[in-house]
Amino acid sequence: MRGRNCTVRMGGRKKEKEAIVIGKLLKVGMPLEKTIALLGIPKLITVKRGTEPEMDSISIEYLNHGVRIHALAKNPKVEELEVLPTFKGKFAAGVKIGAKFQNRMKNYGIPDSVNAHIAEYPESGMYFF
């Protein structure tokens, strides 16, 4: 078969990437090691000095997934998930990017705090801007 392209599938089926589901596969509080295993090699890692050593933090950027992970350097767990405009995944509660405030309330309940710019759900680590 010279001159032809050939695709070989191992195991009979091509493995498809599973969509990122925030609140299920990817969530606040999970170990960074598990997060990196799930998302792969990051495009960018930024380290920021805090006012005290306990406040030193890192940000790990995954442009291909549309998320930025934030963690404290002394505690290698996800402290915050920042969803970027390129995010193509889903939220476990079914909310979509750009959803109306009423739809978010149906899925997450009444936020702990609301103002003109943000609705805060600190228990689940969700902050909608």
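For the structure given in this document, a descriptive report is provided here. Remember, predicted model here, so these are calculated numbers, not experimental data. (Residues numbered from 1 in each chain as written. Predicted model: local features only at pLDDT ≥ 70, side-chain atom pairs only at ≥ 80, totals over all residues. Heavy atoms only, no water.)

## Focus on the sheet that holds strand S9 (residues 126–128)
Spatial ordering of the open sheet is given by S7-S8-S9, a layout of three strands whose pairing is antiparallel. The sheet terminates laterally at strand S7 (113–114) and S9, the two strands that pair on one side only. As paired strands, strand S8 (residues 119–121) and S9 are joined by three bridges and run antiparallel to one another. Paired with Tyr121 across the bridge in S9 is Met126. Running at roughly 10° to S8, helix H2 (residues 101–108) makes contact with S7, S8 and S9 of the sheet. (Pairing = 2+ DSSP bridges. Helix = DSSP H or I, 4+ residues; strand = E, 2+ residues; numbered from the N terminus. Contact = heavy atoms within 4.5 Å. Axes fitted to C-alpha atoms, helices over the stretch in contact; angles between N-to-C directions.)

## Focus on the pairing of strand S5 (residues 75–83)
Taken together, the five bridges between strand S4 (residues 67–72) and S5 define a ladder with antiparallel strand orientation. By the bridge assignment, Leu72 is partnered in S5 with Asn75. Once S4 ends, the chain turns through two residues before running back antiparallel as S5.

## What about the sheet that holds strand S2 (residues 44–48)?
In a beta sheet, neighbouring strands are held together by backbone hydrogen bonds and run either parallel or antiparallel to one another. One open sheet accounts for four strands, arranged S2-S3-S4-S5; its pairing is antiparallel. This sheet does not close on itself; its edge strands, each paired only once, are S2 and S5. Adjacent strand axes in the sheet meet at a mean angle of 20° when their direction is disregarded. Bridging between S2 and strand S3 (residues 57–62) involves five bridges; their strand directions are antiparallel. Bridging across to S3, Ile45 finds its partner in Ile60.

That's the geometry; what it means functionally is another story.
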